[in-house]
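Architecture at a glance
Each chain, letter by letter, is given below.
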Amino acid sequence: MALFASSTKNIPDATSVPRHIAIIMDGNGRWAKKRMMPRVMGHKRGVEIVRDVVRQCIDCGVEYLTLFAFSSENWRRPPDEVKFLMGLFMEALQREVAKLHENQIRLIMIGDRSRFDTKLVAAIEAGEALTANNTRLTLTIAANYGGRWDMSNAVQNMLQADPALINGFDELDLAPFLSMHYAPEPDLFIRTGGEKRVSNFLLWQLAYTELYFTDTLWPDFDREAFQLAITSYQQRERRYGRTSEQLKA
Ligand code: IPE
Ligand code: IPE
Ligand code: MG
């Protein structure tokens, strides 16, 4: 199992292009409302933006793109909207997986699958299996994902694998059991839609991630908006606990 260095144990090399971008795609409902359309039309349009962002990531050499599609708290939404989102997820998988594969993209889904229907789980597994050996970009979709679920789940699996760790463990013991163990920690976090919160996304993995918030609604997140986020990232000084002087030396 390839395990990436932890930002709290080792100082990662900062690259000018983020290796890993994690995005909370927010604002679909408001985008639709502004246009007097039902909320779900915003979700539909949102899927199209995903396609563009994947392309842009490939073009600029991003290696990992992680998208928050459905949180463990989104089940609290009206049943019709939840149903629509599940349908959209299924549709997108059926329509896009072959294209992802053609473009050498590896697809991985993180999150608790136990609440999904069996057809959806089968489609996810088929998509992951087909694209498993692709290396151009790893596209992770977080669905029924929650950061707290991820950590609790990891602790449980770690202790099942090695009960002796009940007497004490550290982050390196836990890391292989977290759902994103196959990826470096995100360099850049983007949240569209104006809210400035993490909403139970990658709580563990965001330890030293650069955070970028924009008022742009997800369905409006075009090439220019993406580029603004990259430019903002490139102006950051990633100190990982050190002083600015140390970095310059
Ligand atoms: C994000 O857009 C998509 C999901 C959470 C599935 P929203 O649906 O949260 O849109 P707003 O925040 O209501 O505008
Ligand atoms: C976060 O957006 C989840 C996704 C984008 C999938 P929400 O719209 O659900 O977040 P809150 O409720 O505003 O925090
Ligand atoms: Mg929202």
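Everything below is about the structure shown above.
Report on the accompanying structure. Within any chain, residue numbers begin from 1 and follow the written order of that chain's sequence. As a convention, the first chain written is A and the first ligand written is 1, with the rest following in written order. For a predicted model such as this one, the threshold for reporting local features is a pLDDT of at least 70, and the threshold for listing and counting side-chain atom pairs is 80 or more; totals across whole chains, interfaces and linings nevertheless cover every residue. Note that the side-chain values use all heavy atoms of the structure and ignore hydrogens as well as water.

So, about the pattern of salt bridges. What counts as a salt bridge is simple: a side-chain nitrogen of Lys or Arg found within 4 Å of a carboxyl oxygen of Asp or Glu. Evaluation of the coordinates by the stated rule reveals 21 salt bridges. A salt bridge links Glu-96 to Lys-99, with the shortest nitrogen-to-oxygen separation between them at 3.8 Å. With Glu-96 and Lys-99 both in helix H3 (residues 79-102) and three residues apart, this pair spans about one turn of that helix. Given the relative accessible area of 40%, Lys-99 is considered partly exposed. One salt bridge connects Glu-210 with Arg-236, and the closest N-O pair in it is separated by 3.2 Å. Taken as a pair, Glu-210 in strand S6 (residues 210-213) and Arg-236 in the loop between helix H7 (223-234) and helix H8 (244-248) lie far apart in primary sequence, 26 residues in all. Relative accessible area decides the class of each residue, using a 1.4 Å probe on protein chains only: under 20% of the type maximum gives buried, over 50% gives exposed, and in between gives partly exposed. Among the residues examined, Arg-236 registers a relative accessible area of 27% and is labelled partly exposed. Salt bridges linked by common partners bring Asp-26, Arg-30, Arg-191, Glu-195 and Arg-197 together as one network. Secondary structure follows DSSP: runs of H or I at least 4 residues long count as helices, runs of E at least 2 residues long count as strands, and numbering of each begins at the N terminus.

Let us look at the packing of aromatic side chains. Only Phe, Tyr and Trp rings are paired, with Trp represented by its six-membered ring, and only when their centres lie within 6.5 Å; those with planes under 30 degrees apart are stacked, over 60 edge-to-face, the remainder tilted. Across all of its chains, the model carries 12 aromatic pairs by this definition. Measuring from ring centre to ring centre gives 5.6 Å for Phe-189 and Phe-213, while their planes differ by 65°; the resulting arrangement is edge-to-face. Linking Phe-189 in strand S5 (residues 188-191) with Phe-213 in strand S6, this pair joins segments that are 24 residues apart in sequence. Here Phe-189 falls in the buried class, since its relative accessible area comes to 0%. For Phe-213, a relative accessible area of 28% corresponds to the partly exposed category. Measuring from centroid to centroid gives 5.3 Å for Tyr-208 and Tyr-240, while their planes differ by 50°, and the two rings are tilted.

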